[in-house]
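Structure assessment
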Amino acid sequence: MQLTLGLICMMAISSPQYVWTLFTKPLMTQLGVSLTQLQVTFSIFIVLQTFLSPLQGYLIDKFGPRLLLAAGAIMTGLSWVLASSAGSLTSLYLTYGLLGGVGTGIIYVGIVGLMVAWFPDKRGMAAGVVAAGYGMGAVLSTFPVTTSIAKLGYQPTLLHFGLIFGAIAFLAALGMKRPPQNWMADYVARNKKTNGLSSGKMLKTPLFWLMFFMMTMMSTSGLMVISQMASFSKDFGIADATVWGMAALPLALTIDRFTNGLTRPFFGWVSDRIGRESTMFIAFGLEGIAMTLWLLTRDNTLLFVLLSGVVFFGWGEIFSLFPSTLTDTFGEKHATTNYGFLYMAQGIGSIFGGPLAASMHEAWGSWVPVFAVVISLDVLTALLAIAVLKPMRQKYLRANAMAVK
């Protein structure tokens, strides 16, 4: 039941991030601003979603999930409702960016933290399932939002969908709770690798900062695609094309959301069996290969749509692999707060993948250099996982096991 409610919460609050690209063109026209200026909204959204997550995780650990998750749901829905009447960049920054980022951040870090506590024996799978809700939730909203923008305009779309998303997340949040004390105590005792490192001590370890660096690079890659897809598909001649009688861009976005969600429990499940770092190497390498093929075949509409799904299948699993790896390494006692610090990497990635990527495109007049950078980041992160992270983590766990004994 907790897994189901967490999944519903995550699905309800996913659209502000994943359908943002559909609003960029009408917002640029309405507000008379450049893409770089507008993409600051997306960066504010992600930065606040992530940079406040350590505080949010601490508050959830201290006061319990129900109240804070319900408040996050209200803030998320209200962000779209208020953004529907935003008449300037500043008001858009404050509504869609600030309010939406804080609201979705509370729910995201809270749900993931709860799931790794409820499922100590299936941490990768459980984190992957709820993260899949965040990745796949927009599958249900992409075509309706696209149709609504075309028929009614972006302002009524924000208003109506904001009310719907906020209400669904609020109702689901009311059922969330912590596991009872000593939940699955026998399993935890048999598999205990750490006494549970506090955030302050964790932040002093090079191992944490390696994971942070790796997650930043992978976040940059995926968030560049999420925030800029409508723009580079237009440059590639795909934006107005059709595939199988459907508009190519919303079709690609729908497939993306599905694979972005599917990959999270799938690779989480794989990592529970073959190890976190080996799974990272496979998944991150897959994204690098898919991004390369995507760029090389960018003038083929059908391949553009299909490969976009492969790209996200190689990206979305970061939200199951990194939290499960972190909790495996530093323990479940402070898991929510600790993941809040790691999740800040997503905020940095949004700056690199959002306004900086847009500025790079404007400077070069092409998306090719932007793709070259993010492909390089994918490959580098895959290599770091198997060649650096794995031996470092093994060494840390061996030393820590001695300390626990």
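Residues numbered from 1 in each chain as written. Predicted model: local features only at pLDDT ≥ 70, side-chain atom pairs only at ≥ 80, totals over all residues. Heavy atoms only, no water.

**Side note on the pattern of salt bridges**
Evaluation of the coordinates by the stated rule reveals 3 salt bridges. Here Asp-328 and Arg-276 are joined by a salt bridge, their closest N and O atoms 2.7 Å apart. Here the residue Asp-328 occupies a position in helix α17 (residues 318-330), and Arg-276 occupies one in helix α15 (residues 276-296), the gap between them amounting to 52 residues. Take Asp-328: its relative accessible area is 14%, and that puts it in the buried class. Each of Asp-272, Arg-276 and Asp-328 takes part in salt bridges that share partners, so that together they form one network. (Salt bridge = Lys/Arg side-chain N within 4 Å of Asp/Glu carboxyl O. Helix = DSSP H or I, 4+ residues; strand = E, 2+ residues; numbered from the N terminus. Buried < 20%, exposed > 50% of the residue type's maximum accessible area, 1.4 Å probe, protein only.)

**Some thoughts on helix α13 (residues 206-235)**
If you check α13, its first and last C-alpha atoms are 41 Å apart, about what 30 residues at 1.5 Å a residue would give, namely 44 Å. At Gln-228, α13 shows its largest bend, some 70°. Just past α13, the residue Gly-237 takes up positive phi, approximately 80°. (Expected span 1.5 Å × (residues − 1). Bend = angle between axes of the 7 residues up to and from the residue.)

**Section: the packing of helix α5 (residues 53-63) against helix α18 (residues 335-364)**
Where α5 contacts α18, the two axes come as close as 7 Å, and the packing angle between them is 165°. In terms of orientation, α5 lies roughly antiparallel with respect to α18. The crossing of α5 and α18 is right-handed. Between α5 and α18, the contacting residues are Ser-53, Pro-54, Gly-57, Tyr-58 and Asp-61 on the first element and Thr-336, Thr-337, Gly-340, Phe-341, Tyr-343 and Met-344 on the second. Of the residues belonging to the contact of α5 with α18, the class tally is 5 nonpolar, 5 polar and 1 charged. (Axes fitted to C-alpha atoms, helices over the stretch in contact; angles between N-to-C directions. Parallel < 35°, antiparallel > 145°, perpendicular 65-115°, else oblique. Left-handed = near helix turned anticlockwise from the far one by under 90°. Contact = heavy atoms within 4.5 Å. Nonpolar A, V, L, I, M, F, W, Y, C, P; charged D, E, K, R; others polar.)

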